[in-house]
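Structure at a glance
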There are 2 protein chains.
Amino acid sequence: MTVQIQPKKKAQNLSSLQRARLEYSPQYPSILEDVSILDFKPDGKISLDDEIAKIFPHLHTGVLESIVLGEPIDHPLKIGVVLSGGQAPGGHNVISGIFDACKKVHPDSELIGFLDGPKGIIDNQWCEITQDFLKVFRNQGGFDSIGSGRVKIESEEQLLSALRTVQEHKLDGLVIIGGDDSNTNAAFLSEFFLEHGCSTSVVGIPKTIDGDLQNQFIEISFGFDTACRTYSEIIGNLERDAISAKKYYYFIKLMGRAASHITLECALQTHPNLTFIGEELLKEHKSLWQVIQEIADLIVLRKKEGKEYGIILIPEGIIEFLSDVQLLISELNVLLHANEDLIQRQDRIERVEQLLSLSAASLFSSFPEKIQSQLLLDRDPHGNIQVSKIETERLLMQMTAKELEKRKQEGEWDGTFSPQAFFCGYEGRSALPSNFDCNYAYSLGRLACALIGRKKTGFIASILNLSQPVLAWKPVVVPLPCMMHFEARKGVMKAVIKKTLLDCDGKLFCEFLKNRTAWKLEDSYTQPGPIQFYGSSELTDKPVFTVQSKSVSSV
Amino acid sequence: MTVQIQPKKKAQNLSSLQRARLEYSPQYPSILEDVSILDFKPDGKISLDDEIAKIFPHLHTGVLESIVLGEPIDHPLKIGVVLSGGQAPGGHNVISGIFDACKKVHPDSELIGFLDGPKGIIDNQWCEITQDFLKVFRNQGGFDSIGSGRVKIESEEQLLSALRTVQEHKLDGLVIIGGDDSNTNAAFLSEFFLEHGCSTSVVGIPKTIDGDLQNQFIEISFGFDTACRTYSEIIGNLERDAISAKKYYYFIKLMGRAASHITLECALQTHPNLTFIGEELLKEHKSLWQVIQEIADLIVLRKKEGKEYGIILIPEGIIEFLSDVQLLISELNVLLHANEDLIQRQDRIERVEQLLSLSAASLFSSFPEKIQSQLLLDRDPHGNIQVSKIETERLLMQMTAKELEKRKQEGEWDGTFSPQAFFCGYEGRSALPSNFDCNYAYSLGRLACALIGRKKTGFIASILNLSQPVLAWKPVVVPLPCMMHFEARKGVMKAVIKKTLLDCDGKLFCEFLKNRTAWKLEDSYTQPGPIQFYGSSELTDKPVFTVQSKSVSSV
């Protein structure tokens, strides 16, 4: 059964800036002007794990394809698009890129949007995307045009439902806009379709603000630029406030899940006094105790210079990288599974302390009471501790206060510690996309349409040379399995697209290393200010450092 | 002893946008082009409380002065300037306005900045402000050029120190950039100077992001526009995120102390689902219990429409306006003063519940444990409860969760409640000033210089017609005592400049009233986006609604 749901017409509550952004014409490389004449031809091999290749017998996994000009397509295309997972600025531009490109191929081309994420494909909930529909979404933030969701198309049943849906719509192609997991699923879906004789192409688009979907084929996902700029605006403002009032330490946690890409990028933009990078802490086997020492050392040192203020950046995933916390969490998980009645007891905290190993108990008892309770009580459906629920920035503040109190008693420090917590998170996911993200996402949408026009399936659309002006951007298409490797997921080895953590030997991290000692005591704060859409191209079009640092990649 | 402290040269860590802003030329009304020819002549009377007039026998308190053209001043001026209290975007522009104007009066004019607030005047800590010094501060945020502080010049000893300082520097004038309290002190300082035969003019400048320094003479203080735009950017982004992910309720607290001006302004910019206005809650004798009911009602209602997300704005001062909280706090203060040993007891919470009146006890026991402890333990130096330390947004979240749990049990609601707390505060105080704040603050600085040139003292510089283009702005000068009234401060009646709370019969509030019912269920979210400095004047120069709503005032 086909259910067509027309979302309610969006009320005209647009701000002046939103209205102005509707008029913006995204730039794209000239080769994407007329996608009807774009074709793809094999162009060398890509190294690929044999075991991965075996999983995708129907896909052309080991061959790189390059873009060439071909005979024009002259028939209408029917394309479906879906947004998957967390918001990233630029999502609506991918959709408008697909729309404009397929309408140029043939005016009778059709685009439909599946509603509220991959669930919309499974349940066949969709809406038609028209010029009129897009009128209020071009160059806008958010994923509210068609919604998004975290349901995945993984089980046989879900895959079959998806197959039914695309066959019912007679789709030439399905574009999946998502992160590493969604693109992994896109690969399996394209294999499944071929296996079942379905000719619908599946094309992935790299989306995530976290920056962890990058590799030799993908310089950065769309959304990262806008999110980092939005957070850097806030951090720069807080720095300026810190150096003006001279009395607060701002503990700023930054979104980005496990990876610290966002944190590093923002540090390079704003020059805070102290920045923790999860991947570095892991590499050096640092403990939470050492992190607290480092913060307290900074505060003691700055106090000697007469400074009782500062800025500390903390990646969202920090806690998972710390050796002593890892030990505590794994002991707690075992303990709580083995003693189900423990958490009912009034004296649970004391009991847990007795049952833990000495070092785990020592860490646990150093936690503030609220965090202790939270660890024992908030568990996920599998009964595991939910580390991500810990408000790390507040934990660090409280533990630092305790450490400073100790140092005060020992006569090492005699100051005032006024910390303020801040979380740079949700406000960066649905911001108005920067010109860079508008252009990039729109170009990716056009490229996806080109792939579908030639019935290419199991590819991700990407663009290299992003640090150059748009006209020098180089669209590329990459078989999704090339980016996959085997990874343990819930105890089972699975083929997945690799999440890329920060490279502690990389160019950007080295740049950071060169400067961070100076940033500790000198207040080298930089205030990037709000994203500008108009004015000199230096202000409006240049992407963030992460992109600028990419050399011209040759695939 | 004169101590001249040259602040360390600011390192060149400016972002592209900061550098671009340095080049911006603030606009000002053409009458302020050459302040050397501006003079002031009496122009009618202002009604003034006799008792207030008696406090200021040396000031010309009851006479309005209008700006006229006079013989040019041709001697150098020596002016001191100080920043007082919390940061507000535009502070550096007041300083550059004074500087440019006095240098135009005579190239040998001198400007000095007192360091770290009024304390710098008392201790005679200062630095010379030169063209070179200002080079990195023009149109920038923060108060870090000369710092700020909250020490006040109030006691006889402090007043005498200030007198010594201005006499030692032979200052023609002292400009005090501050809020209601700082301008109150400016009035007393000018009276004190005259009383002691000192001819140094004291001139006030209306500064505060809170918007509570406004009256018939002052349309708005500088900084309010930028702060509201910075917060509205964030709120708009969170709204877009809420309607995209469809799973979070954002509880957003906004800075602004007691007054809800910022909250109302941001509500008008962004159209959230629910907005609390402290002044309205007070007027209607609302209790915290009623507030929680209103939030829970909203959530139940929206759930019926299939919506489990939303945006709730909460003014920083909300808790002080609620009748039941006021009762609880006053009972607790009495109780804790009378029973000093109470807080040492293990069973303090139970004991307190027994000792409170029934209704106060009922409220207290409905609080989460953490808040209960915080109320009993965090007390100010006078032993009073520190209401401002309560994290109101979290308190409301937790109490709402409890209420919803109750309703779930009663079968009234069956949903998921995922709240997220956000505080819009410090990041708005030191943002890069909007073009409006750049122009306004700079114009105020030029006007202050004109007052000093004519030895006018005890005045505040102001500008009317701010909703019009800059060329139609109307500079005015107002005797500070005209804005004063008597108010109980720590049990003693004092003459102070009146803080203006939000007017629940005013134009803006009525505009809000007209819309708020619709905003509850319809998602009329508006995303103002980041402040733009370049582009059409609609995007860059128009001030926020508060200013736009002012009719052309005639004083």
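Now for a description of the structure that goes with this document. Here the structure is a predicted model, which means the values were calculated and not measured. (Residues numbered from 1 in each chain as written. Chains lettered and ligands numbered in written order. Predicted model: local features only at pLDDT ≥ 70, side-chain atom pairs only at ≥ 80, totals over all residues. Heavy atoms only, no water.)

1. Quick notes on the interface of chain A and chain B
Stated formally: Should any heavy atoms of two residues lie within 4.5 Å, those residues are counted as being in contact. The quantity reported as buried area is the accessible area (1.4 Å probe) lost by two parts once they are put together, taken as the sum for both. A carboxyl oxygen of Asp or Glu within 4 Å of a side-chain nitrogen of Lys or Arg is what we treat as a salt bridge. Under the rule applied, a polar contact is a pair of N or O atoms within 3.5 Å (in protein, one hydrogen donor and one hydrogen acceptor; residues adjacent in sequence only if both atoms are side-chain atoms). Segments assigned H or I by DSSP are reported as helices when at least four residues long, segments assigned E as strands when at least two residues long, and all are numbered from the N terminus. Ten residue types, Ala, Val, Leu, Ile, Met, Phe, Trp, Tyr, Cys and Pro, are classed as nonpolar, four, Asp, Glu, Lys and Arg, as charged, and the remainder, Gly among them, as polar.
Opposite the 62 residues of chain A that make contact, chain B presents 62 residues. Interface area, chain A with chain B, both sides summed: about 4700 Å², of which 46% is carbon and sulfur. If you sort the residues of chain A by the area they bury against chain B, Asn13(A), Arg240(A) and Tyr426(A) come out on top, with a joint share of 15%. There are eight salt bridges connecting chain A and chain B. In this structure, the salt-bridge partner of Asp116(A) is Lys246(B), at a minimum N-O distance of 2.7 Å. On the surface where chain A and chain B come into contact, there are 39 residue pairs in polar contact (both at pLDDT 80 or more). Mapped by element, the contributors of at least two residues to the side of chain A that touches chain B are helix H1 (16-22), helix H8 (224-245), strand S12 (419-424) and helix H19 (537-540) of chain A. Tallying contributions element by element places H8(A) first for the side of chain A that touches chain B, with 10 residues. When its residues are assigned to classes, the side of chain A that touches chain B shows 23 nonpolar, 23 polar and 16 charged.

2. Quick look at the environment of Gly458(B)
Residues and elements named next belong to chain B. For Gly458, the position within the fold is in the loop between helix H17 (435-453) and strand S13 (459-464). Sequence separation between Gly458 and Val81 is 377 residues, and the spatial gap between their C-alpha atoms is 15 Å. The residues contacting Gly458, other than those within four sequence positions of it, are Leu59, Ser190, Val202, Val478, Pro479, Leu480 and Pro481.

3. Re the sheet that holds strand S11 (residues 310-315) of chain A
Residues and elements named next belong to chain A. Just so we agree on the cut-off: For two strands to count as paired, DSSP must find a minimum of two bridges between them.
Strand order across the open sheet formed by four strands is S10-S11-S9-S12, with parallel pairing between neighbours. The open sheet has two edge strands with one neighbour each: strand S10 (274-275) and S12. Pairing between S10 and S11: two bridges, direction parallel. Within the sheet, the bridge partner assigned to Leu274 lies in S11 and is Ile312.

4. What about the sheet that holds strand S9 (residues 249-254) of chain B?
All names here are of chain B. What counts is decided by this rule: An axis is simply a line fitted to the C-alpha atoms; with a helix, the fit covers only the stretch in contact. Between two such axes, the angle follows the N-to-C directions and lies from 0 to 180 degrees.
Pairing in this open sheet of four strands is parallel, and the strands run S10-S11-S9-S12 from one edge to the other. Each edge of the open sheet carries a strand with a single partner, namely strand S10 (274-275) and strand S12 (419-424). Of the strand pairs in this sheet, S9 and strand S11 (residues 310-315) are connected by six bridges, and their pairing is parallel. When the bridges of S11 are listed, Tyr250 appears paired with Ile311. Sitting on the sheet, helix H11 (residues 288-304) touches S9, S10 and S11, and the angle it makes with S9 is about 150°. Sheet contacts for helix H16 (residues 392-409): S9, S11 and S12; angle to S12, the most-contacted strand, approximately 160°.

5. So, the side chain of Thr184(A)
All names here are of chain A. Quick reminder of the rule: When accessible area is computed with a 1.4 Å probe and restricted to protein chains, residues below 20% of their type maximum are described as buried, those above 50% as exposed, and intermediate ones as partly exposed.
Tracing the backbone through its elements, the reader meets Thr184 in helix H7 (residues 180-195). For Thr184, a relative accessible area of 5% puts it in the buried group. One polar contact links the side chain of Thr184 to the main-chain amide nitrogen of Ile497, over a distance of 2.9 Å. If we skip the residues at most four places from it in the chain, Thr184 touches Met484, Ala495, Val496 and Ile497.

6. Notes on the pairing of strand S8 (residues 201-206) of chain A
Residues and elements named next belong to chain A. In plain terms, the rule: By the criterion used throughout, a crossover qualifies as right-handed when its path from the first strand across the helix to the second strand runs clockwise, the strands pointing away from the viewer.
For S8, the buried fraction is high: six of the six residues fall into the buried class. For strand S7 (residues 173-178) and S8, the ladder comprises six bridges, and the chain directions are parallel. Bridging from a neighbouring strand, Val175 pairs with Val203 of S8. For the segment spanning S7, H7 and S8, crossover handedness is right-handed.

7. Details of the packing of H11(B) against H16(B)
All names here are of chain B. Note the following rule: A clockwise turn of the near helix away from the far one marks a right-handed crossing, whereas an anticlockwise turn of less than a right angle marks a left-handed crossing.
Following both chains from N to C, one finds H11 and H16 inclined at 65°, their axes separated by 9 Å at the closest point. Here H11 runs over H16; the crossing is right-handed. Across the interface between the two elements, Leu288, Val291, Ile292, Gln293, Ile295, Ala296, Asp297, Ile299 and Val300 of H11 pack against Leu395, Leu396, Met399, Thr400, Glu403, Leu404 and Arg407 of H16.

8. With respect to the relation of the copies chain A and chain B
Basically, it comes down to this: What sets the superposition is a least-squares fit of C-alpha atoms, and only residues with pLDDT of at least 70 in both copies go into it.
By a simple turn and slide, chain A fits onto chain B: the slide is 0.0 Å along the axis, the RMSD is 0.0 Å, and the turn is 180°. Between the two chains, the operation in question is that of a two-fold axis. Mapped onto chain B, 100% of the interface residues of chain A again fall at the interface, so both copies present the same surface.

9. Some points on unusual backbone geometry
Residue and element names in this part refer to chain A. The phi angle at Lys246 is positive, at roughly 55°, despite the residue not being glycine. With respect to the secondary-structure elements, Lys246 resides in the loop between H8 and strand S9 (249-254). By relative accessible area, which is 33% here, Lys246 ends up partly exposed.

10. A closer look at the pairing of S9(A)
Residue and element names in this part refer to chain A. With six of its six residues buried, S9 lies for the most part within the structure. Neither face of S9 is open: one carries Tyr249, Phe251 and Lys253, the other Tyr250, Ile252 and Leu254, and all of them are buried. With six bridges connecting them, S9 and S12 associate as parallel partners. The residue bridging Phe251 from the neighbouring strand is Ala421, located in S12.

11. A look at the pattern of salt bridges
Counted according to the given criterion, the structure contains 61 salt bridges over all chains. Between Asp180(A) and Lys499(A) there is a salt bridge, with its nearest N and O atoms 3.1 Å apart. In this pair, Asp180(A) is assigned in helix H7 and Lys499(A) in the loop between strand S16 (492-497) and helix H18 (507-521), connecting sequence segments 319 residues apart. Asp180(A) gets classed as buried once you look at its relative accessible area, which sits at 7%. The partly exposed category is assigned to Lys499(A), whose relative accessible area is 34%. The residue Glu403(B) makes a salt bridge to Lys406(B) at a minimum N-O spacing of 3.7 Å. Here Glu403(B) and its partner Lys406(B) are both found in helix H16, three residues apart, which amounts to about one turn of the helix.

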